[in-house]
Amino acid sequence: MKVIVNYKQGIMKNIFVSFVLSSLLVLSIQAQHAYIPMLKSGNQWNVKVTGNFPLNYRTFIYKTDIDTIIGGETCKKIVHTDDSSANAMFQFACYMFEDTNSQCIYLLDNQFNQKLYFDFKAQTGDTLILFTPIFLSLNQGDTFYVSQVDEEQISGITRNRISLKYKLDNNNLIDGAKWYEGLGTKQGIKEGAQHSIVGTSSTLLCFKNGGNLLYSSAPLCFYTNLGIEESAKIRFNVYPNPAITQVQFSFFNLKTNASLQIYNMMGALIETITISKETGEIILNVEHYKAGIYFARFENGDGSAETCKFLVSR
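In short, a report on the structure. What you are looking at is a predicted structure, and each value in this text was computed from that prediction instead of being measured.

## Quick look at the side chain of T59
With respect to the element layout, T59 can be found in strand β2 (residues 57-70). Relative accessible area serves as the criterion here: at 2%, T59 is assigned to the buried category. Once residues lying within four places of it in the same chain are set aside, the contact partners of T59 are V47, K48, T81, D82, L205, C221, F222 and Y223.

Written as structure tokens, this is what we have:
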């Protein structure tokens, strides 16, 4: 009988231990998936907007600004600029409100009404009426369907990922945005419900919090028409311009070897040349170039960069 009792006690002990371990595992999973707020103070989104013409690039910097009480709720003021300098002037973009209990984020329209923009508790098969910034004043929303809910790791953090489908007038479904918890979308903070904007496309270059880089999709966080970091301070001279057979590039403050990249008007890379800091100059043979405008991108070893254009004539 002692053996039977001990056997039963052993079973009960094993069941109890299994229950405790399972509970701890569930708590661990829940802790890993605790909701990550998107509108944290110090958050910054660098978004490159590309137009129809391949060289028509602009980078907008969005960031969370001051807390503002609207309708009894603490809302975040979102500001933006297309200036990467340290003394850039930011302009008002919109107000957003985040309900961390429902895990929903709302845009505020002109009358400060809350319009659903992100819903990170959405489940597969849900139907959502979402508002985009361009339709806020018209009080119109678009219908989206949640096609998939899964996870993705970004900067070592597991985030919920929600995939949307958009219903066209002919009832066909097309891919909409993908939402990433705590981040927004990989098109930017103001692209949550946009399925298409004619003539433009957006790309989230970098996502930062307090200067710490949490996500990047490109080598640089700020691009101009040729993808050039605007904080450049390289001093150089280009002669002659226009050129027929040769162009001479002279540099005056190279601290390391530099890279020279030549692009044509369509943004295609023609060639890349290394410039020695000792000589500080390069003579580029352009006899084989077609007549037209070209762009030169200079990148110093310390990451600073600059761009200029030159003309090849015949």
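What follows picks up the thread again.
## Things to note about a nonpolar patch on the surface
Together, M265, I293 and L311 line one region of the surface with nonpolar side chains, adding up to about 200 Å² of accessible area. Within the secondary structure, L311 sits in strand β19 (residues 305-312). Residue classification places L311 among the partly exposed positions, given a relative accessible area of 33%.

## Description of the environment of M265
Relative to the helices and strands, M265 resides in the loop between β15 (258-263) and β16 (269-275). Under the relative-accessibility criterion, M265 is labelled partly exposed at 32%. The spatial distance from the C-alpha of M265 to the C-alpha of I293 is 6.2 Å, given a sequence separation of 28 residues.

## Observations regarding the sheet that holds strand β5 (residues 104-108)
Judged by pairing direction, the sheet is antiparallel, and its 8 strands sit side by side in the order β6-β5-β4-β3-β2-β1-β11-β12 without closing on themselves. Each edge of the sheet is formed by a strand with only one pairing partner; in this case those strands are β6 (114-119) and β12 (212-216). This sheet shows a mean twist of 30° between the axes of neighbouring strands, independent of strand direction. Of the pairings in the sheet, the one linking strand β4 (residues 91-99) to β5 comprises 4 bridges and is antiparallel in character.

## Observations concerning the sheet that holds strand β14 (residues 246-251)
Overall, antiparallel pairing links the 3 strands, which are arranged β13-β14-β17 in an open sheet. Where the open sheet ends on each side, the last strands, each with one partner, are β13 (236-239) and β17 (281-285). Within the sheet, the average angular offset between the axes of one strand and its neighbour, ignoring direction, is 15°. Two strands pair when backbone bridges link them, and β13 and β14 are joined in this way by 4 bridges, in the antiparallel orientation. Residue pairing in the sheet places N237 in a bridge with S250 of β14.

Conventions we followed
Residues numbered from 1 in each chain as written. Predicted model: local features only at pLDDT ≥ 70, side-chain atom pairs only at ≥ 80, totals over all residues. Heavy atoms only, no water. Helix = DSSP H or I, 4+ residues; strand = E, 2+ residues; numbered from the N terminus. Buried < 20%, exposed > 50% of the residue type's maximum accessible area, 1.4 Å probe, protein only. Contact = heavy atoms within 4.5 Å. Patch = residues over 30% accessible without salt bridge, like charges linked within 9 Å, V, L, I, M, F, W, Y side chains within 5 Å. Areas by Shrake-Rupley, 256 points an atom, 1.4 Å probe, with all protein chains shown as cover. Salt bridge = Lys/Arg side-chain N within 4 Å of Asp/Glu carboxyl O. Pairing = 2+ DSSP bridges. Axes fitted to C-alpha atoms, helices over the stretch in contact; angles between N-to-C directions.

Coordinates in, geometry out; function isn't part of it.
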